[in-house]
Amino acid sequence: MCDAAAAARRTTIAFASDRDGNFEIYAMNADGTGVRQLTNDPAGDLAPSWSPDGTEIAFDRDLGGVDFEVYAMNADGTGERRLTDDPGGDLSPAWSPNGQEIAFFSDRDGDSEIYLMNGDGTGLRPLTDDPAQDVLPSWSSDGTEIAFVSTRDGNEEVYVMNADGTGVRRLTDHPADDGDPAWSPSG
């Protein structure tokens, strides 16, 4: 990991804002100073996710209707590139801890499933295959597991699976909806 990039990541917060009338990705210092706009596109940009080394940011771009795509750019907003291309909607990118892969969810096959691709957008493969909605992937700090939300048991519950999609198991079981899993960092 590049020491300067890692230090910048720890002291920089990326966020989405519609402060100028359209959602864009911004960055700021951890104390709230130095706000700078990173994207500038008529489509809405949301859900920024840092690469582990702090050199790149993946995000969603709303191309209209249900057509969301995953994009990535350098941490300073340069080098923007589209990583997915499917009108079904690709959302919620999450970088793997080793920075080599991005998990996201997509409606490309008619229902929401968790997918994995290489950090450059190649090697797309599904991790889940269930008629229910599988969304919001979150990596374990060691990169061996992915938590996600699924409706496969009737309401939103938190599940976890191995990073290759095997070993799916439910973690929560409550009549209320459970969601937005986030792993703690390693000690």
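In this report, we go over the structure that sits alongside the text. (Residues numbered from 1 in each chain as written. Predicted model: local features only at pLDDT ≥ 70, side-chain atom pairs only at ≥ 80, totals over all residues. Heavy atoms only, no water.)

1. Observations regarding the nonpolar core
Here comes step 1: With 16 residues, the main nonpolar core has I114, L127, W139, I146 and M161 as its most contacted residues.
Here comes step 2: Per element, the largest residue contribution to this core is 3 residues, and it comes from strand β13 (residues 145-150). (Core = buried A, V, L, I, M, F, W, Y, C linked by side-chain atoms within 4.5 Å. Buried < 20%, exposed > 50% of the residue type's maximum accessible area, 1.4 Å probe, protein only. Helix = DSSP H or I, 4+ residues; strand = E, 2+ residues; numbered from the N terminus.)

2. Some words on the sheet that holds strand β11 (residues 125-126)
Here comes step 1: With antiparallel pairing, the 4 strands of this open sheet are ordered in space as β8-β9-β10-β11. What marks the edges here is a single partner per strand, and that holds for β8 (90-95) and β11.
Here comes step 2: Sheet topology note: the strand β10 (residues 113-118)/β11 ladder contains 2 bridges and is antiparallel. Paired with L116 across the two strands is R125, which belongs to β11. (Pairing = 2+ DSSP bridges.)

3. A short note on the sheet that holds strand β4 (residues 44-50)
Here comes step 1: Across the sheet, which stays open at both edges, the 4 strands sit in the order β4-β5-β6-β7 with antiparallel pairing between neighbours. Only two strands of the sheet have a single neighbouring strand rather than two, namely β4 and β7 (81-82).
Here comes step 2: The pairing of β4 with strand β5 (residues 56-62) spans 5 bridges and is antiparallel. Pairing of D45 across the sheet is with R61, part of β5.

4. Observations regarding the packing of aromatic side chains
Here comes step 1: The full count for this structure, using the stated rule, is 4 aromatic pairs.
Here comes step 2: Centroid distance F15 to Y26: 5.7 Å. Interplanar angle 20°. Geometry classified as stacked. Of the two residues, F15 is situated in strand β1 (residues 12-17) and Y26 in strand β2 (residues 24-29); the sequence distance between them amounts to 11 residues. Here F15 matches Y26 in class, with each residue buried.
Here comes step 3: A centroid spacing of 5.9 Å and a plane angle of 20° characterise the contact between F104 and Y115, whose relative ring orientation is stacked. (Phe/Tyr/Trp six-rings, centres within 6.5 Å; stacked < 30°, edge-to-face > 60°.)

5. Some words on the environment of D173
Here comes step 1: With respect to the element layout, D173 can be found in the segment after β15 (169-170).
Here comes step 2: As a C-alpha pair, D173 and E156 span 17 residues in sequence and 9.1 Å in three-dimensional space.
Here comes step 3: Reaching out from D173, the side chain makes a polar contact with the side chain of R170 at a distance of 3.3 Å. (Polar contact = N/O pair within 3.5 Å; in protein donor to acceptor, adjacent residues only side chain to side chain.)

6. Overview of the pairing of β10
Here comes step 1: By the criterion of burial, β10 is predominantly enclosed, with 5 of the 6 residues buried.
Here comes step 2: Bridge analysis of strand β9 (residues 101-106) against β10 gives 6 bridges, and the strand direction is antiparallel. In the strand pairing of β10, F105 is matched with I114.
Here comes step 3: Count of turn residues in the β9/β10 antiparallel hairpin: 6 residues, of which G110 carries a positive phi of about 100°.
Here comes step 4: In sequence, β10 turns back onto β11 through a hairpin of 6 residues, with G121 there showing a positive phi of about 95°.

7. Considerations on the side chain of S140
Here comes step 1: For S140, the location among the structural elements is in the loop between β12 (134-139) and β13.
Here comes step 2: Here the side chain of S140 touches D142 through a polar contact of 2.7 Å, side chain to side chain.
Here comes step 3: When sequence neighbours within four positions are dropped, the list of residues in contact with S140 reads P97, E145 and W183. (Contact = heavy atoms within 4.5 Å.)

Geometric values such as these leave the question of function open.
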